[in-house]
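# Per-entry structural report
What follows is the residue order along each chain.
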Amino acid sequence: MILSRHMTSGRRYGALGKAAMAVSLAGAVAIAGPAQGAKLPKKEGQHAEKQAAHADRDLKVMLLIDRAPLAEFLPDDKDAGIRSALAMIPDRLAELPKEMGDRAPEIDPEMIRGFLGDSQRRVRLVVFDTGFDEETGRPGIGAWAAVSAESEDDAQHLTDRIRGLAEMAPGGMPIEDAPGGLGHWQIDLPIGPLDAGPVELAPGDWAMAISVGARASASEVGRAVSLAPEGVSPAFQGKVDLASLAPLTGMLGMVATAADPKAAMFFQQFVQLGLIGPQAIGFEYVFGYSDDNLVSRWTVTGLKAFASHWGLSHRTLTDMDLAAIPADATVAYMGKFDWSAVWRWIELTHQMDAAFPEKVNEVEQMLGVSPRDILDAMGSTSAVYMSDATGGGSILSGVAMVSVNDRDTLWTAITNIAGMMNHHLSSQMDRAEYARISLATHGDTSFATLDIRGIPMPFRPSVVLTDDWMLVGVTPQATKAAWMQVQGEGDNGLASNPHFARARFHGDKGLVAIEWIDSPRVMRDGYMVATLVGNAMRSAVLSPHGDDRDPGLVTPTFADLREDAKPMLLMAYWERDDLVLELQADRSLLVNASGLIGAFVSTAALLEPIAVIGAAEAASQKAKSDNDCCGESRQGAHHDDHDHHGDHHHNGDHHDHGDDPPF
């Protein structure tokens, strides 16, 4: 796309307008897309070197965006079809105006190709703070953006296009050639001149760069974007420093508090969570590839100081914890969490509610224990998983579990909840014996199970409570298998899975949480969607005017896609004061997408039988209602039934079994 220079005017913008245009230009560079093959800045070009007024420093980065070319997002051979199809989109879009005829907007096809071609370039944007500049009296805040180019001429072409965009702004922009030439131009802004032009970042490595405000050398910027772990080639990097916004958030807090004194409490909560203030947390993100894996890494900087407010634990998962999850788990989460933090959040959000203590007292009267005691009775280890051992790996194999601090408190709450639900069921149903929650004990283990009698209900949720774990399963089969697993009667646990063992983080940092998807096991259920999307992409880019454009099979055959496929493992661990979430997965986007979809597709498949059973039951109830005799004697009989069963169900059926558990 070539932009002509026009609408040039001698009128000057106000300070606000100039600043807005600077942000717009930086944004235009940021969305232009990843640059082709550009390296991180190593050596600065002549013009940029003159602009650097200070020796190399470690910049305080407020915002960072660094994106690589599209080819670097999809490096695996299994994704070659996607790369080919995406590369054909510009040509297909350029054909559309001709096909639309009179309805087509007046857009030059070459403009479309040029714009989408630019989206294949690498882009880097850095907003940084060098501190207060005593010489100029200005804050040391600056921005540096660069879009890589294939050559010096290409860099100059990009420079001219951005200048044309600036000249097309309403009212015109006061654009001048920059001192020193070299094809640069500049705009005088209140925070300093905005400078744009070709820059050679390293020998033969050209880019079009824009800088405004405080100046930084290319080597300083290069260090700022070096976030990727060793051995990982980044396709995308990003960073946000919330502490750098402290002056702005502080000002907003004062304004809000002046308008409403209650706002001070909410701002203080955000300070306690580390979201605002001079000690606020930051976020860093790296997405890239090692020789063997896709690597995605989130880092929440400075979070450890605020961990207790988020309910995050400093404790780490042990192999004994992981042994509670079967080795053949298809999907699993396990982590350390402080449940007492939930109560602190509840109290915090109800500080202004005068009726809150009375509501808490009512709940305590119903449950027999206070809500806070229930949360304190729950241990720091929680997990949710599906596995072959607990039900074939589908949603019906789902198990939720939490470690136990105080078994008696939890069982008291479960018993009273069961009694209330049984009382409610007996008062709402024509025949109370259709549904009840049965309670039982077996040695040191307690059980609670929903029993549906005389109605074809596919679900039978069950709870098992031991001295160490509380287990909740969708079916009693899942709950029983999970109970056997925690008693050591199952397999050796998730840590013994060879795929998990290879993928997990090994080192001196303990894991505080894991998320696991066995992609090779579950991707068969997601392959259908991947195939449909791939075929749709191929059809979308084919030309109706000829056969010269064809990406081939966008989605490989299932056998080819599954060959050597790797699982997905997300690991959370503390690294000094920072919380790191690191994902290890297959290098292929299609493998990972198929695994993600397959992990949850069984949930949708489960809705159909539930809907059929629900519809049949509704029809049965309607027929019964239409045919029922409404005589007084019949109503009286029903009322007698309610009275007869009410007391029996109020506290649940509680039996003490000897040798056999109630499964």
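Computed from a predicted structure; not experimentally measured.

What counts and how
- Residues numbered from 1 in each chain as written.
- Predicted model: local features only at pLDDT ≥ 70, side-chain atom pairs only at ≥ 80, totals over all residues.
- Heavy atoms only, no water.
- Salt bridge = Lys/Arg side-chain N within 4 Å of Asp/Glu carboxyl O.
- Helix = DSSP H or I, 4+ residues; strand = E, 2+ residues; numbered from the N terminus.
- Buried < 20%, exposed > 50% of the residue type's maximum accessible area, 1.4 Å probe, protein only.
- Patch = residues over 30% accessible without salt bridge, like charges linked within 9 Å, V, L, I, M, F, W, Y side chains within 5 Å.
- Areas by Shrake-Rupley, 256 points an atom, 1.4 Å probe, with all protein chains shown as cover.
- Pairing = 2+ DSSP bridges.
- Polar contact = N/O pair within 3.5 Å; in protein donor to acceptor, adjacent residues only side chain to side chain.
- Contact = heavy atoms within 4.5 Å.
- Expected span 1.5 Å × (residues − 1).
- Arc of directions from axis to C-beta.
- 1 Å grid on protein atoms, 1.4 Å probe; cavity = no way out; pocket = protein on both sides within 12 Å on 5 of 7 lines; lining within 4 Å.
- Points joined across faces, edges and corners; volume = space filled by probe spheres on them.
- Phe/Tyr/Trp six-rings, centres within 6.5 Å; stacked < 30°, edge-to-face > 60°.
- Core = buried A, V, L, I, M, F, W, Y, C linked by side-chain atoms within 4.5 Å.

A few words now on the pattern of salt bridges. Considering all chains together, one arrives at 16 salt bridges under this definition. With its nearest N and O atoms 3.1 Å apart, the salt bridge here joins Glu-95 to Arg-549. Here Glu-95, found in helix H5 (residues 89-100), pairs with Arg-549, found in the loop between helix H20 (527-541) and helix H21 (558-562); they are 454 residues apart in sequence, far enough to count as distant. Judged on exposure class, the residue Glu-95 and its partner Arg-549 are both buried. What you see here is one network of salt bridges that share partners, running through Arg-92, Glu-95 and Arg-549.

On to unusual backbone geometry, then. With a phi close to 60 degrees, Asp-564 is a non-glycine residue in the positive phi region. Relative to the helices and strands, Asp-564 is located in the loop between H21 and strand S19 (568-575). With phi around 55 degrees, Arg-576 is a residue other than glycine that occupies positive phi space.

Looking now at a nonpolar patch on the surface. Taken together, Leu-245, Leu-248, Met-251, Leu-252, Met-254 and Val-255 make up a surface patch of nonpolar side chains, about 580 Å² in accessible area. With respect to the secondary-structure elements, Leu-245 resides in the loop between strand S8 (233-241) and helix H9 (246-259).

All right, on to the pairing of strand S12 (residues 378-387) then. Across the 10 residues of S12, 9 count as buried, placing the element largely inside the fold. The pairing of strand S11 (residues 329-336) with S12 spans 7 bridges and is antiparallel. By the bridge assignment for S12, Lys-336 is matched with Thr-381. Alignment of S12 against strand S13 (residues 399-404), held across 5 bridges, turns out to be antiparallel. Looking at the pairing, Ala-383 lines up with Met-401 of S13.

Turning our eyes to something else, we now look at the side chain of Thr-409. Here Thr-409 lies in helix H16 (residues 407-428). Given the relative accessible area of 13%, Thr-409 is considered buried. At a separation of 2.8 Å, a polar atom in the side chain of Thr-409 contacts the side chain of Asp-406. When residues no more than four places from it in sequence are discounted, the contact partners of Thr-409 are Val-369, Asp-373, Ile-374 and Ala-377.

For H9, which comprises 14 residues, the first-to-last C-alpha distance of 20 Å matches the rise-based estimate of 20 Å (1.5 Å per residue) to within 8%. Three or more residues of H9 are buried, namely Ala-246, Thr-249 and Gly-253. Each buried residue of H9 lies within a common arc of 65 degrees when the element is viewed along its axis, so the set occupies one face. Among the exposed residues of H9, those pointing more than 90 degrees away from its buried face are Pro-247, Met-254, Val-255, Ala-258 and Ala-259. Each element contacted by the buried residues of H9 is listed here: helix H10 (263-272).

With that settled, consider the layout of surface pockets. The volume enclosed by the second largest pocket comes to roughly 400 Å³. Lining the second largest pocket are 18 residues, with Ile-414, Ile-417, Met-421, Ala-448 and Val-463 sitting closest to its centre. At the level of elements, H16, strand S15 (445-452), strand S16 (462-465) and strand S17 (469-473) are the ones that each hand at least two residues to the lining of the second largest pocket. Of all the elements, H16 adds the most residues to the lining of the second largest pocket, at 7 residues.

A few words now on the packing of aromatic side chains. Enumeration over the complete set of coordinates arrives at 10 aromatic pairs. Taken together, a centroid distance of 6.0 Å and an interplanar angle of 20 degrees make the contact between Phe-73 and Phe-287 stacked. Of this pair, Phe-73 sits in helix H3 (residues 70-73) while Phe-287 sits in strand S9 (residues 282-289), placing them 214 residues apart in sequence. A centroid spacing of 5.3 Å and a plane angle of 70 degrees characterise the contact between Tyr-527 and Phe-558, whose relative ring orientation is edge-to-face. Of this pair, Tyr-527 sits in helix H20 while Phe-558 sits in helix H21; the two residues are 31 residues apart in sequence, bridging distant segments of the chain. Take Tyr-527: its relative accessible area is 17%, and that puts it in the buried class. Overall, the relative accessible area of 25% leaves Phe-558 in the partly exposed class.

Before going further, it helps to spend a moment on the nonpolar core. Formed by 29 residues in total, the largest nonpolar core has its most connected members in Ile-325, Met-334, Ile-514 and Trp-516. Within the second largest apolar cluster, 22 residues are counted, among which are Val-360, Leu-367, Ala-413 and Leu-465.

Looking now at the pairing of strand S1 (residues 60-67). As paired elements, S1 and strand S2 (residues 123-129) share 7 bridges and run antiparallel to each other. Its bridge partner lying in S2, Asp-66 is registered against Arg-124. Judged from the 5 bridges that link them, S1 and S8 form a sheet pairing that is antiparallel. Looking at the pairing, Leu-64 lines up with Lys-239 of S8.

Here we take up the side chain of Ser-446. One can find Ser-446 in strand S15. Since its relative accessible area comes to 1%, Ser-446 is described here as buried. A polar atom in the side chain of Ser-446 sits 2.6 Å from the side chain of Arg-407. Every residue in contact with Ser-446, bar those within four places of it in the chain, is listed here: Arg-407, Trp-411, Ala-440, Thr-441, Val-463, Val-464 and Leu-465.

Checked against the element boundaries, Leu-583 lands in strand S20 (residues 578-585). For the pair formed by Leu-583 and Leu-569, sequence separation is 14 residues and the distance between their alpha carbons is 5.6 Å. Once you skip the residues sitting within four places of it in the chain, Leu-583 turns out to touch Leu-294, Val-295, Ser-296, Met-568, Leu-569 and Leu-570.

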